[in-house]
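Structural overview for review
So you can see what is in the structure, the chains are spelled out below.
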Amino acid sequence: MDNLDSRAATPAQPGRSPPDTPAEIRVRELQAELAEERQRLADVLEVSSGWIWEADADLCLAHLAGRFEATTGIAAASWNGRPVAELVSAADGDDPAAEMRARRAFTGRRCAAQSPGGRRYLTLSGKPWFDAGGRFCGYRGVGRDVTEAVEAESRTAALHRRFIEAIESVPASLLLCDPDDRIVICNSATRRYFPRVHHLLVPGTRFEDLVRAQAESGVLDGIGGRDVGDWVAARMMRHRAGDMMTTRPHVDGSWVQVIERRTSDGGIIGIRLDVTELKQREQALAEEHERAQAYARELERSNRELEQFAYIASHDLQEPLRMVASYCQLLQRRYAGKLDPDADEFIEFAVEGAHRMQRLINDLLGYSRVGRRGAGSESFPAGDALDIALANLHGAIAESGARIEAEPLPAVVADRSQVVQLFQNLVGNAIKFHRDDVPVVRVSATAAEGAPAMARFTVADNGIGIAPEYLDRVFLIFQRLHERSKYPGTGIGLAIAQKVVENHGGRIWIESIPGEGSRFQFTLPTARGQETP
C-alpha cells in the first residue's frame, strides 16, 4: 500500500508531459468513434439516393443532409426554417405533415413538392424525438425522391386502363389465366357464357372451380348423364393442353366457338365467339348443297330419260319416214311430166321435205348418242382423231378446194369417236361457211391457262364470220343463222360439239369477226405427263 501511494505521489519529471488520465483516454476514444460514425454516415449519404431531414418543435425544417438537392433540384437553403406543411402536400392519400402534427412515427409516406423543374414526388419517413426530460423537440427522419417511379406507375396505370378499355370493347369473351390456372382478367362479355356463376369471374378464382360450378349449374348440354367430376377432369385436360378449338351450342340457343391457347409465360388465354350467324349460314349452305345434289340427280335422271326418248323416237321414226320418202320418190319417177306443173312441184316439195326430215332425225339420233364420258375414254393422239375426221370430210374438202393446216396435237384422254365427231363438225362448219376465197382451216393446240391437265384446241377459218349478237346462239340445238337454200344443214352440229366438250369436263367458245373468219376454241383433258406442243 505504501509502495502504491509512493508511486502515485511521484512528481512528474522535468521536460515530460504528465500521463493521460483514464477519463481523457476514454474521451479521445469516444471522439474517434464519433468521427468514424460521422464519416460512415457521410459515405452512406454520398452514395444513397435519399437524404436525412430534421424538424424542430414547431415542425419547421431545421436540417437537410445528403443528396436532397441533387435528386430533387430544390435548393436546401430555400426549405430550411419553413414549416413542413408549407413545403409538401398530401399525395395518394398520404399526408406526412398530418402525421407530424399528431406526433406519430410514420414510414414511407408519399407527398408532393414544387421544384424549379416542376412537380416532384417524395416519400418521407420520420420519428418524433424528445429530450431527457420528455419534452418534444421535433422530428428526425429520411426522405427519397420517387418522381420517376410515380410517373412510371402513372404510365403503367394508363396502359392498364387502355388495355381494359380495349378488351371491354371486344364483343368476344376474353379470359386470361395464370400458370396456376387462376383467373387474371376477363372482360364483361365473358359473363354471358357463365350465366349462373358470373360471381366467380374475378381475379384469383381457380379455372377448375369456375367450370365445375358451371357444370353443376345445369347450363351445359354436353354433360348429359356423365359424372360431373369426370366431365370436369376431361375439360381441364383439354384446357391445360392449351390447344383447344371447338364449337358447341349455348344454353341461350346460340352457337359458341371456344378457343384456348397457351401464353408465353405458361398461362392460358381463352376466347369465346358467338358464331351463330356463321353456323346458320353453314347449315343453310349444307341444305342448299343437298338440294343442289338432289336437283342434279333428278336432272341427270331426266337427261338420261330424255336421251333415251330421243334415241327411241328418232329410231322409230326412221322406218315410216323411209316409206314416205320412197313412195314420194316413186311418184316423182312414175308421174313426172304426166301431171300438171303444180303436181310436179308439190311432189318435189314432198320429196325434199322427206329428205330433210331424214337428215334432221339422223342428226337428232347422233345428238342423243353423245353420252357422258365413261368406259369409252382412252388416251390417244388428238391428231389421229383429226385425220379420221378429215377422211370423212374428203368429199367436201375436194369440192371446195379447202386447205387444211394442222399443227402437232397432244394426246388426250377422251372417247375417240366423240372427238372425231367434234373435229368433223367444226372443220365441216368452217368449210361450209366460206367466202368466195379458197377456205383455209387451221387446227392447233396449246396448254390451257390455269388448268395444267387440259389442252386448248383452236379451229380457225377465213370464212364469213358471225355477228357479235349471234355468238351466244350458235351452240343452241336446231339454231340456224342463214337461209337453208344457201347453207344446208339442220343446225345441230355445233350443239353436238358443245355436248362432246362438256361431257369431257371442258368448255367451248367462239371468237369471230364478220367477213374475216371465226376461231372456235375448246379444252380437253390431256394424258398424264403429256406436254402440249
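Residues numbered from 1 in each chain as written. Predicted model: local features only at pLDDT ≥ 70, side-chain atom pairs only at ≥ 80, totals over all residues. Heavy atoms only, no water.

1. Looking at the overall build of the chain
Formally: Comment: elements are numbered from the N terminus, with helices defined as DSSP H or I runs of at least four residues and strands as E runs of at least two. Buried, partly exposed and exposed residues are distinguished by accessible area as a fraction of the type maximum, computed with a 1.4 Å probe on protein chains only: under 20%, between the cut-offs, and over 50%, respectively. Contacts were defined at the residue level, with two residues in contact if any of their heavy atoms lie within 4.5 Å. Residue-level accessible areas treat just the shown protein chains as cover; the underlying method is Shrake-Rupley with a 1.4 Å probe.
On a plain count of helices and strands, the chain comes out with 14 helices and 18 strands. Classification of the 533 residues of the chain by burial places 36% in the buried group. In the chain, 52% of the contacts between residues at least 6 apart in sequence involve partners at least 24 apart. For the chain, the accessible area works out to roughly 31,900 Å², and carbon and sulfur atoms hold 53% of it.

2. Section: a negative patch on the surface
Note the following rule: Patch membership is restricted to residues that have no salt bridge and whose relative accessible area is over 30%. Joining uses 9 Å for like charges and 5 Å for the nonpolar side chains Val, Leu, Ile, Met, Phe, Trp and Tyr. Any Lys or Arg side-chain nitrogen located within 4 Å of an Asp or Glu carboxyl oxygen qualifies as a salt bridge. Counted charges follow a simple rule, with Lys and Arg positive, Asp and Glu negative, and His plus the chain ends left uncounted. Just so you know, the charge point we use is NZ for Lys, CZ for Arg, CG for Asp and CD for Glu.
Judged by side-chain charge, Asp340, Asp342, Glu345 and Glu348 come together as a negatively charged surface patch. The topology assignment puts Asp342 in helix H10 (residues 341–369).

3. Thoughts on the pattern of salt bridges
Tallying each qualifying case throughout the model produces 26 salt bridges. One salt bridge connects Arg212 with Glu208, and the closest N-O pair in it is separated by 3.3 Å. Separated by four residues within a single helix, Arg212 and Glu208 lie in helix H7 (residues 207–216), roughly one turn from each other. The residue Arg403 makes a salt bridge to Glu405 at a minimum N-O spacing of 3.1 Å. Within the structure, one salt-bridge network assembled from shared partners comprises Asp181, Arg206, Glu208, Asp209, Arg212 and Arg240.

4. Observations concerning the packing of helix H13 (residues 416–432) against helix H14 (residues 493–503)
The condition is simple: An axis is simply a line fitted to the C-alpha atoms; with a helix, the fit covers only the stretch in contact. Between two such axes, the angle follows the N-to-C directions and lies from 0 to 180 degrees. For a crossing to be left-handed, the near helix must be turned anticlockwise from the far one by less than a right angle; the clockwise case is right-handed.
Between H13 and H14, the shortest axis-to-axis distance is 9 Å and the interhelical angle comes to 145 degrees. With respect to the hand of their crossing, H13 and H14 are arranged in left-handed fashion. Here Gln418, Gln421, Leu422, Asn425, Leu426 and Asn429 of H13 come into contact with H14, specifically with Gly493, Leu494, Ile496, Ala497, Val500, Val501 and Asn503.

5. Some remarks on the sheet that holds strand S7 (residues 173–177)
Our working definition: Two strands are counted as paired when DSSP detects at least two bridges linking them.
The five strands are arranged S8-S7-S11-S10-S9 in an open sheet whose pairing can be described as antiparallel. The open sheet has two edge strands with one neighbour each: strand S8 (183–186) and strand S9 (243–249). Taken over all neighbouring pairs, the strand axes of this sheet differ in orientation by 15 degrees on average, direction set aside. Pairing of S9 with strand S10 (residues 255–262) involves seven bridges; the strand directions are antiparallel. For Met245, the partnering residue across the bridge sits in S10 and is Ile259. Against the sheet, helix H8 (residues 228–241) contacts S9, S10 and strand S11 (268–274), and its axis sits at roughly 55 degrees relative to S10.

6. Brief notes about unusual backbone geometry
Phi is positive for Leu59, close to 60 degrees, though the residue is something other than glycine. In this structure, Leu59 sits in the loop between strand S1 (50–55) and strand S2 (61–66). One non-glycine residue, Asp92, lies in positive phi territory at about 55 degrees. Mapped onto the elements, Asp92 comes out in the loop between strand S3 (89–90) and helix H5 (96–101). Relative accessible area serves as the criterion here: at 63%, Asp92 is assigned to the exposed category.

7. Quick notes on the confidence of the model for the chain
Low-pLDDT stretches of the model should not have their predicted coordinates read in fine detail. Rules: By definition, pLDDT measures how confident the predictor is in each residue, and it falls between 0 and 100.
Taken as a whole, the chain shows an average pLDDT of 83; of its residues, 84% reach a score of 70 or greater. A low-confidence stretch, residues 1–10 (pLDDT under 50), is modelled with zero contacts involving residues beyond four sequence positions or located in other chains.

8. Regarding the pairing of S7
Most of S7 is tucked away: four of the five residues are buried. Pairing of S7 with S11, which is carried by five bridges, proceeds in the antiparallel orientation. Paired with Leu175 across the strands is Gly270, a residue of S11. Two elements, S7 and S8, share three bridges in a ladder whose sense is antiparallel. Its bridge partner being in S8, Leu176 is matched across the sheet by Ile185. Hairpin connection, S7 to S8: the antiparallel pair is bridged by five residues, and Asp181 has positive phi, about 65 degrees.

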